[in-house]
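Working through the structure, step by step
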Amino acid sequence: VLKFNSKAKLVEFMTLYCEKRFENENHRFLFAYNFYYGLKRDAMKLDAGCILNMLHGEMMESTYLMMKQQCSDVLKMCEKLDVESTDWIPKSQFLEKLGKLFAFKKQTNIDRLVARLEEHNSGSEVYYNQLLKPDAQYVACGFALELQQQVMEERATFLELFVRPPNIQVFTHSQQC
């Protein structure tokens with residue numbers, strides 16, 4: 001049994017998991033190969049693509065967790081609005097609350113989310129349990145994919161600013177005079 005370590009990276013976890021689960025090195029390799037092949041095969045599916053990106057070092061695990069959190073926030077918002085437990089809410093209420101939930105997002109990003117919502121729900125109701133769930137082929141709907149893309153873009157912008165701050169010109173006393 002593996003002990004929970006919230007600070008462990010996915011690659012570290014997978015290494016430990018394979019070592020504990022399979023004594024035979026060939027079995028470890030076969031499992032790892034099949035796991036990786038399955039991710040590659042299903043890379044266009046929301047979670048599989050993200051996990052593959054994390055294994056490649058192309059996505060930080062914290063970015064993936066942020067994506068899951070934003071999806072969870074949308075679902076919780078909808079559940080609060082659905083006082084009659086009908087699994088749908090008026091689109092007008094959804095749009096109003098979405099803007100408030102993501103007040104930090106640029107208006108163009110909100111507009112992109114709304115456009116993707118319209119592709120999925122063109123009527124006056126939002127069936128929110130279908131909004132974030134994958135279809136029969138386990139492919140996420142456009143709204144969820146757009147939300148994922150925005151989180152990655154926002155995270156990349158944040159990291160760009162954090163890692164490489166804008167050039168700040170510092171003047172010495174002699175240059176100011």
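Here, the structure is the one placed above.
Residues numbered from 1 in each chain as written. Predicted model: local features only at pLDDT ≥ 70, side-chain atom pairs only at ≥ 80, totals over all residues. Heavy atoms only, no water.

So, the state of the cysteines
Disulfides are covalent bonds that connect the sulfur atoms of two cysteines. In total, this model carries zero disulfides according to the counting rule given. With no disulfide partner, C50 has as its closest neighbouring cysteine sulfur the one in C71, 9.4 Å distant. With relative accessibility at 1%, the residue C50 sits in the buried group. (Disulfide = S-S within 2.5 Å. Buried < 20%, exposed > 50% of the residue type's maximum accessible area, 1.4 Å probe, protein only.)

Notes on a nonpolar patch on the surface
Where nonpolar side chains cluster on the molecular surface, the patch consists of F29, Y33 and Y37 and spans about 380 Å² of accessible area. Accessibility expressed as a relative area gives 47% for Y33, which makes it partly exposed. (Patch = residues over 30% accessible without salt bridge, like charges linked within 9 Å, V, L, I, M, F, W, Y side chains within 5 Å. Areas by Shrake-Rupley, 256 points an atom, 1.4 Å probe, with all protein chains shown as cover. Salt bridge = Lys/Arg side-chain N within 4 Å of Asp/Glu carboxyl O.)

Structural notes on the side chain of K105
The topology assignment puts K105 in the loop between α5 (91-101) and α6 (107-120). We classify K105 as buried; its relative accessible area is 8%. A distance of 3.1 Å separates polar atoms of two side chains, one belonging to K105 and the other to Q150. Residues contacting K105, with those up to four places away along its chain left out, are Q70, I110, L113, L147, Q150 and E154. (Helix = DSSP H or I, 4+ residues; strand = E, 2+ residues; numbered from the N terminus. Polar contact = N/O pair within 3.5 Å; in protein donor to acceptor, adjacent residues only side chain to side chain. Contact = heavy atoms within 4.5 Å.)

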